[in-house]
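Each chain, letter by letter, is given below.
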Amino acid sequence: MTIGIIGSGNVGGALGTAWSQAGHDVIFSSRNPQSKEVQELALKAGPKARAASVAEAAEADVVLFATPWPLTEKAVRSAGKLQDKVVIDATNPLREDLSGLEIGTTTSGGEQVAEWAKGAKVVKAFNTIGYKVMADARFQGDRSVLFYCGDDPQAKETVRGLASDIGFEPIDAGPLVQARTLEPLALLWISLAIKQGLGFEFAYKLLRR
Ligand SMILES: NC(=O)c1ccc[n+]([C@@H]2O[C@H](COP(=O)([O-])OP(=O)(O)OC[C@H]3O[C@@H](n4cnc5c(N)ncnc54)[C@H](OP(=O)(O)O)[C@@H]3O)[C@@H](O)[C@H]2O)c1
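Anyway, here's the lowdown on the structure attached to this text. (Residues numbered from 1 in each chain as written. Predicted model: local features only at pLDDT ≥ 70, side-chain atom pairs only at ≥ 80, totals over all residues. Heavy atoms only, no water.)

**What about the overall build of the protein chain?**
We count it as follows: In DSSP terms, a helix is any run of H or I states spanning at least four residues, a strand is any run of E spanning at least two, and both are numbered starting from the N terminus. In this setup the radius of gyration rests on C-alpha atoms only. A globule is expected at 2.2 Å times the number of residues raised to 0.38. Only protein chains enter the accessibility calculation, which uses a 1.4 Å probe. A residue is then buried if its area is under 20% of the maximum for its type, exposed if over 50%, and partly exposed in between. In this description, contact between two residues means that some pair of their heavy atoms is separated by no more than 4.5 Å. For the area figures, the Shrake-Rupley method with a 1.4 Å probe applies, and any residue is considered shielded solely by the protein chains shown. His is not counted, nor are the chain ends, whereas Lys and Arg count as positive and Asp and Glu as negative. Charged groups are reduced to one reference atom each: NZ for lysine, CZ for arginine, CG for aspartic acid, CD for glutamic acid.
Helix and strand counts for the protein chain come out as 8 helices and 10 strands. Relative to its length of 209 residues, the protein chain is compact, with a C-alpha radius of gyration of 16 Å against a globular reference of 17 Å. Principal-axis analysis of the C-alpha atoms gives the protein chain an extent of 45 × 40 × 35 Å. Per-residue burial over the protein chain gives 50% buried out of 209 residues. In the protein chain, 67% of the contacts between residues at least 6 apart in sequence involve partners at least 24 apart. Summing over all exposed atoms, the protein chain offers an accessible surface of approximately 10,300 Å²; the carbon and sulfur share of this is 50%. Here the protein chain holds 23 positive side-chain charges and 24 negative ones, and the gap between their average locations is 2 Å.

Next comes the structure, spelled out in C-alpha coordinates:
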(Lines give C-alpha, C1' and ligand atoms only; values in the text may rest on other atoms or scores of the structure.)
Protein backbone atom coordinates (compact mmCIF):
# COMPACT_ATOMS: atom_id res chain seq x y z
CA MET A 1 0.00 0.00 0.00
CA THR A 2 1.26 3.52 -0.78
CA ILE A 3 0.85 6.11 1.94
CA GLY A 4 1.21 9.83 1.23
CA ILE A 5 2.24 11.99 4.17
CA ILE A 6 1.13 15.62 4.13
CA GLY A 7 2.86 17.31 7.04
CA SER A 8 6.16 15.45 7.40
CA GLY A 9 6.96 16.87 10.83
CA ASN A 10 6.91 15.12 14.23
CA VAL A 11 3.76 13.08 13.54
CA GLY A 12 4.13 12.53 9.79
CA GLY A 13 7.82 11.68 10.24
CA ALA A 14 7.19 9.13 13.01
CA LEU A 15 4.22 7.42 11.34
CA GLY A 16 5.75 7.44 7.86
CA THR A 17 9.00 5.95 9.15
CA ALA A 18 7.13 3.25 11.09
CA TRP A 19 4.96 2.36 8.08
CA SER A 20 7.88 2.27 5.69
CA GLN A 21 9.79 -0.01 8.05
CA ALA A 22 6.67 -2.21 8.25
CA GLY A 23 6.84 -2.66 4.46
CA HIS A 24 4.58 0.08 3.06
CA ASP A 25 5.63 2.52 0.36
CA VAL A 26 5.73 5.98 1.88
CA ILE A 27 5.83 9.37 0.16
CA PHE A 28 6.91 12.13 2.54
CA SER A 29 5.75 15.44 1.14
CA SER A 30 6.83 18.98 1.83
CA ARG A 31 6.01 22.38 0.41
CA ASN A 32 9.71 22.27 -0.45
CA PRO A 33 10.45 18.64 -1.37
CA GLN A 34 14.13 19.43 -2.01
CA SER A 35 14.62 20.62 1.59
CA LYS A 36 17.35 18.91 3.61
CA GLU A 37 14.82 17.94 6.35
CA VAL A 38 12.44 15.95 4.16
CA GLN A 39 15.23 14.43 2.04
CA GLU A 40 17.02 13.20 5.18
CA LEU A 41 13.76 11.93 6.67
CA ALA A 42 13.07 9.82 3.58
CA LEU A 43 16.65 8.55 3.51
CA LYS A 44 16.55 7.54 7.18
CA ALA A 45 13.16 5.83 6.79
CA GLY A 46 14.73 3.39 4.33
CA PRO A 47 14.32 2.13 0.77
CA LYS A 48 10.50 2.10 0.83
CA ALA A 49 10.35 5.85 1.43
CA ARG A 50 10.89 8.89 -0.77
CA ALA A 51 10.34 12.65 -0.69
CA ALA A 52 7.99 14.39 -3.13
CA SER A 53 5.56 17.25 -3.62
CA VAL A 54 2.24 17.53 -1.79
CA ALA A 55 0.34 16.83 -5.03
CA GLU A 56 2.31 13.60 -5.57
CA ALA A 57 1.73 12.42 -1.99
CA ALA A 58 -1.98 13.10 -2.43
CA GLU A 59 -2.10 10.48 -5.20
CA ALA A 60 -1.20 7.65 -2.81
CA ASP A 61 -3.75 4.99 -1.77
CA VAL A 62 -3.97 6.49 1.71
CA VAL A 63 -3.24 10.13 2.56
CA LEU A 64 -2.31 11.25 6.07
CA PHE A 65 -2.79 14.87 7.12
CA ALA A 66 -0.50 15.83 10.00
CA THR A 67 -0.30 19.60 9.73
CA PRO A 68 -0.68 22.30 12.40
CA TRP A 69 -4.39 23.17 12.64
CA PRO A 70 -4.13 26.75 11.29
CA LEU A 71 -2.40 25.40 8.14
CA THR A 72 -4.63 22.37 7.63
CA GLU A 73 -7.31 23.91 5.39
CA LYS A 74 -4.62 25.20 3.02
CA ALA A 75 -2.85 21.81 3.07
CA VAL A 76 -6.07 19.90 2.29
CA ARG A 77 -6.98 22.27 -0.52
CA SER A 78 -3.46 22.12 -1.99
CA ALA A 79 -3.71 18.31 -2.12
CA GLY A 80 -6.24 18.57 -4.97
CA LYS A 81 -9.00 16.04 -5.60
CA LEU A 82 -9.37 13.56 -2.73
CA GLN A 83 -12.69 12.05 -3.85
CA ASP A 84 -13.06 8.40 -2.66
CA LYS A 85 -9.61 8.43 -1.12
CA VAL A 86 -8.86 7.09 2.36
CA VAL A 87 -7.77 10.18 4.30
CA ILE A 88 -6.39 9.92 7.82
CA ASP A 89 -6.80 13.08 9.87
CA ALA A 90 -4.26 13.12 12.72
CA THR A 91 -4.60 16.83 13.41
CA ASN A 92 -5.91 18.49 16.55
CA PRO A 93 -7.64 21.88 16.34
CA LEU A 94 -5.50 23.25 19.17
CA ARG A 95 -5.27 26.87 20.22
CA GLU A 96 -1.76 28.10 19.65
CA ASP A 97 -1.01 28.29 23.43
CA LEU A 98 -2.40 24.71 23.91
CA SER A 99 -4.99 26.10 26.38
CA GLY A 100 -7.91 24.49 24.57
CA LEU A 101 -9.46 23.58 21.23
CA GLU A 102 -10.40 26.10 18.52
CA ILE A 103 -13.59 24.14 17.78
CA GLY A 104 -15.41 21.31 19.51
CA THR A 105 -18.52 19.87 21.17
CA THR A 106 -20.91 20.65 18.34
CA THR A 107 -18.38 19.91 15.58
CA SER A 108 -14.74 18.77 15.33
CA GLY A 109 -11.55 19.11 13.33
CA GLY A 110 -12.26 15.69 11.82
CA GLU A 111 -15.65 16.78 10.48
CA GLN A 112 -14.14 20.04 9.25
CA VAL A 113 -11.41 18.16 7.36
CA ALA A 114 -14.12 15.95 5.80
CA GLU A 115 -15.87 19.11 4.55
CA TRP A 116 -12.66 20.47 2.99
CA ALA A 117 -11.68 17.08 1.49
CA LYS A 118 -14.87 16.68 -0.53
CA GLY A 119 -15.90 13.05 -1.10
CA ALA A 120 -12.90 11.59 0.79
CA LYS A 121 -13.33 8.74 3.26
CA VAL A 122 -12.00 10.51 6.33
CA VAL A 123 -10.87 8.56 9.37
CA LYS A 124 -9.79 10.43 12.49
CA ALA A 125 -6.86 8.58 14.01
CA PHE A 126 -3.43 8.96 15.63
CA ASN A 127 -4.47 12.24 17.29
CA THR A 128 -4.73 10.99 20.88
CA ILE A 129 -1.10 9.98 21.44
CA GLY A 130 2.26 11.71 21.15
CA TYR A 131 4.63 11.27 18.24
CA LYS A 132 7.16 9.36 20.34
CA VAL A 133 4.55 6.66 20.93
CA MET A 134 3.79 6.63 17.20
CA ALA A 135 7.44 5.75 16.62
CA ASP A 136 7.13 2.80 19.02
CA ALA A 137 3.71 1.74 20.33
CA ARG A 138 5.02 -1.10 22.48
CA PHE A 139 5.28 -0.81 26.28
CA GLN A 140 7.06 -3.76 27.93
CA GLY A 141 4.92 -6.46 26.38
CA ASP A 142 1.83 -4.22 26.18
CA ARG A 143 0.52 -2.05 23.35
CA SER A 144 -0.82 1.49 23.22
CA VAL A 145 -4.48 1.81 22.33
CA LEU A 146 -5.26 3.67 19.11
CA PHE A 147 -8.76 5.11 18.86
CA TYR A 148 -10.10 5.82 15.39
CA CYS A 149 -13.46 6.91 14.02
CA GLY A 150 -15.02 7.44 10.62
CA ASP A 151 -18.11 6.85 8.50
CA ASP A 152 -16.74 4.47 5.84
CA PRO A 153 -16.34 0.87 7.09
CA GLN A 154 -13.71 -0.08 4.47
CA ALA A 155 -11.60 2.99 5.13
CA LYS A 156 -11.76 2.24 8.85
CA GLU A 157 -10.63 -1.33 8.17
CA THR A 158 -7.64 0.04 6.23
CA VAL A 159 -6.69 2.34 9.11
CA ARG A 160 -7.19 -0.45 11.62
CA GLY A 161 -4.68 -2.55 9.62
CA LEU A 162 -2.20 0.33 9.38
CA ALA A 163 -2.39 0.90 13.15
CA SER A 164 -1.93 -2.78 13.83
CA ASP A 165 1.04 -2.99 11.42
CA ILE A 166 3.00 -0.56 13.60
CA GLY A 167 2.16 -2.15 16.93
CA PHE A 168 -1.02 -0.43 18.17
CA GLU A 169 -4.15 -2.00 19.60
CA PRO A 170 -6.75 -0.35 17.36
CA ILE A 171 -10.15 0.46 18.91
CA ASP A 172 -13.09 1.54 16.73
CA ALA A 173 -14.60 4.62 18.40
CA GLY A 174 -17.58 4.83 16.02
CA PRO A 175 -18.61 7.31 13.31
CA LEU A 176 -16.69 10.46 12.40
CA VAL A 177 -18.83 12.51 14.77
CA GLN A 178 -16.85 10.81 17.56
CA ALA A 179 -13.94 13.07 16.60
CA ARG A 180 -15.77 15.46 18.96
CA THR A 181 -14.72 13.16 21.82
CA LEU A 182 -11.30 12.06 20.49
CA GLU A 183 -10.00 15.62 20.09
CA PRO A 184 -10.60 16.57 23.77
CA LEU A 185 -8.90 13.27 24.66
CA ALA A 186 -5.83 14.59 22.85
CA LEU A 187 -6.04 17.75 24.92
CA LEU A 188 -6.05 15.59 28.07
CA TRP A 189 -2.96 13.75 26.77
CA ILE A 190 -1.14 17.05 26.14
CA SER A 191 -2.11 18.42 29.54
CA LEU A 192 -0.90 15.25 31.29
CA ALA A 193 2.33 15.29 29.29
CA ILE A 194 3.23 18.93 29.74
CA LYS A 195 1.35 20.47 32.70
CA GLN A 196 1.19 17.37 34.91
CA GLY A 197 4.75 16.38 34.03
CA LEU A 198 4.13 12.85 32.74
CA GLY A 199 6.45 13.48 29.78
CA PHE A 200 5.96 12.02 26.33
CA GLU A 201 6.44 8.28 26.80
CA PHE A 202 2.95 7.23 27.90
CA ALA A 203 -0.27 6.20 26.17
CA TYR A 204 -3.86 5.21 26.87
CA LYS A 205 -4.77 1.59 27.59
CA LEU A 206 -8.22 -0.01 27.70
CA LEU A 207 -9.05 -2.54 30.44
CA ARG A 208 -11.86 -5.05 29.89
CA ARG A 209 -13.75 -7.40 32.18
N1 LIG B 1 3.26 16.37 18.04
C2 LIG B 1 2.49 15.39 18.49
O3 LIG B 1 2.94 14.56 19.32
C4 LIG B 1 1.08 15.24 17.99
C5 LIG B 1 0.33 14.11 18.37
C6 LIG B 1 -0.95 13.92 17.84
C7 LIG B 1 -1.47 14.85 16.95
N8 LIG B 1 -0.74 15.96 16.62
C9 LIG B 1 -1.30 16.90 15.65
O10 LIG B 1 -0.68 16.62 14.40
C11 LIG B 1 -0.48 17.82 13.65
C12 LIG B 1 1.01 17.95 13.30
O13 LIG B 1 1.78 18.08 14.47
P14 LIG B 1 3.37 18.00 14.41
O15 LIG B 1 3.84 18.14 15.81
O16 LIG B 1 3.79 16.82 13.60
O17 LIG B 1 3.69 19.33 13.57
P18 LIG B 1 5.08 19.80 12.92
O19 LIG B 1 6.20 18.98 13.47
O20 LIG B 1 5.12 21.28 13.07
O21 LIG B 1 4.95 19.42 11.38
C22 LIG B 1 4.01 20.01 10.56
C23 LIG B 1 4.42 19.87 9.11
O24 LIG B 1 3.36 20.41 8.32
C25 LIG B 1 3.93 20.79 7.07
N26 LIG B 1 3.04 21.77 6.46
C27 LIG B 1 2.64 22.95 6.97
N28 LIG B 1 1.78 23.56 6.10
C29 LIG B 1 1.64 22.74 5.05
C30 LIG B 1 0.88 22.82 3.84
N31 LIG B 1 0.11 23.87 3.55
N32 LIG B 1 0.96 21.78 2.99
C33 LIG B 1 1.73 20.72 3.27
N34 LIG B 1 2.47 20.59 4.39
C35 LIG B 1 2.44 21.60 5.26
C36 LIG B 1 5.33 21.30 7.39
O37 LIG B 1 6.21 20.83 6.39
P38 LIG B 1 6.93 21.75 5.27
O39 LIG B 1 7.27 23.05 5.94
O40 LIG B 1 8.12 20.94 4.88
O41 LIG B 1 5.94 21.87 4.15
C42 LIG B 1 5.68 20.59 8.73
O43 LIG B 1 6.70 19.64 8.58
C44 LIG B 1 -1.04 18.96 14.50
O45 LIG B 1 -2.36 19.21 14.11
C46 LIG B 1 -1.00 18.38 15.92
O47 LIG B 1 -1.97 18.95 16.77
C48 LIG B 1 0.53 16.17 17.11
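The structure having been displayed, the exposition proceeds.
**Re unusual backbone geometry**
The residue Phe-126 is not glycine, and still its phi comes out positive at about 65°. As for its position among the elements, Phe-126 is in the loop between β6 (121-125) and α6 (131-135).

**Topic: the packing of helix α1 (residues 10-21) against helix α2 (residues 36-45)**
Which entries qualify depends on this criterion: Fitting a line to C-alpha atoms yields each axis, with helices limited to the stretch in contact; the angle taken between N-to-C directions then spans 0 to 180 degrees. Note that the term roughly parallel is reserved for angles under 35 degrees, roughly antiparallel for angles over 145, roughly perpendicular for angles of 65 to 115, and oblique for everything else. Each crossing gets its hand from how the near helix is turned against the far one by less than a right angle, where anticlockwise is left-handed and clockwise is right-handed.
Where α1 contacts α2, the axes come no closer than 9 Å and their chain directions differ by 30°. Taken together, the axis directions place α1 and α2 in an arrangement best described as roughly parallel. Crossing handedness for the pair α1 and α2: right-handed. Contacts from Gly-13, Thr-17, Ser-20 and Gln-21 in α1 reach Leu-41, Lys-44 and Ala-45 in α2.

**Things to note about helix α4 (residues 69-78)**
What counts here: The arc under discussion is defined with respect to the helix axis, by the directions toward the C-beta atoms.
Along α4, the positions that sit buried rather than exposed are Trp-69, Thr-72, Ala-75 and Val-76. Each buried residue of α4 sits inside an arc of 95° when the element is viewed along its axis, so together they form one side. Turned more than 90 degrees away from the buried face of α4 sit Pro-70, Lys-74 and Arg-77, all of them exposed. Trailing α4 by a residue or two, Gly-80 shows a phi angle of about 85°, which is positive.

**Side note on the sheet that holds strand β1 (residues 2-6)**
Applicable threshold: Any two strands between which DSSP finds at least two bridges are classified as paired.
On the basis of which strands lie adjacent, the open sheet formed by 8 strands has the order β3-β2-β1-β4-β5-β6-β9-β10 and mixed pairing. Looking at strand neighbours, the two that pair on one side only are β3 (49-52) and β10 (169-172), the edges of this open sheet. Sheet twist, expressed as the average angle between the axes of neighbouring strands with direction ignored, equals 25°. Of the strand pairs in this sheet, β1 and strand β2 (residues 25-29) are connected by 4 bridges, and their pairing is parallel. Within the sheet, the bridge partner assigned to Ile-3 lies in β2 and is Val-26.

**Quick notes on the site of the ligand**
Our working definition: Residue proximity to a molecule or strand is established when one non-hydrogen atom of the residue lies within 4 Å of it. In the analysis that follows, any N or O atom pair within 3.5 Å is treated as a polar contact, provided that within protein one partner can donate a hydrogen and the other can accept it, and provided that, for residues neighboring in sequence, both atoms belong to side chains. Using a grid of 1 Å spacing that covers the protein atoms alone, one calls a set of points a cavity when a 1.4 Å probe fits there but cannot get out, and a pocket when the set is open and has protein on both sides within 12 Å along at least five of seven lines; lining residues are those with an atom within 4 Å of a point. For this analysis, a molecule is said to be in a pocket or cavity if more than half of its atoms are within 2 Å of the grid points defining it. Each residue gets one label: Ala, Val, Leu, Ile, Met, Phe, Trp, Tyr, Cys and Pro are nonpolar, Asp, Glu, Lys and Arg are charged, and the others, such as Gly, are polar.
Around the ligand, the surrounding shell holds 25 residues, and the nearest of these are Val-11, Ser-30, Arg-31, Thr-67 and Tyr-131. Separating an oxygen atom of the ligand from a backbone N or O atom of Thr-67 is a distance of 2.8 Å. Between Ala-90 and the ligand, the recorded distance is 3.5 Å, taken from a backbone N or O atom to an oxygen atom. Summarising the interface, the protein chains cover 78% of the accessible area of the ligand, which totals 900 Å² for the free molecule. Judged by its atoms lying within 2 Å of the grid points, the ligand is housed in the largest pocket. Of all the secondary structure elements, the ones that give two or more residues to the shell around the ligand are α1, α4 and α6. Here the shell around the ligand gets 3 residues from one element, more than from any other, and that element is α4. In terms of residue class, the shell around the ligand is made up of 14 nonpolar, 10 polar and 1 charged.

**Section: the layout of surface pockets**
Heads up, the rule is: Grid points are joined across faces, edges and corners, and a volume is the space filled by probe spheres set on the points.
Of the voids in this model, the largest pocket is the one considered here, and its volume is about 690 Å³. The wall of the largest pocket is formed by 30 residues, among which Asn-10, Val-11, Asn-92, Leu-94 and Ile-190 lie closest to the centre. Mapped by element, the contributors of at least two residues to the lining of the largest pocket are α1, α4, α6 and α8 (179-195). Class assignment of the residues belonging to the lining of the largest pocket gives a composition of 18 nonpolar, 10 polar and 2 charged. A volume near 600 Å³ is recorded for the second largest pocket. Along the walls of the second largest pocket sit 23 residues, with Gly-7, Ser-8, Gly-9, Ser-29 and Ser-30 positioned nearest its centre. Contributing elements (two or more residues each) for the lining of the second largest pocket: α2 and α4. Looking at the lining of the second largest pocket, the element that brings in the most residues is α2, giving 6 residues.

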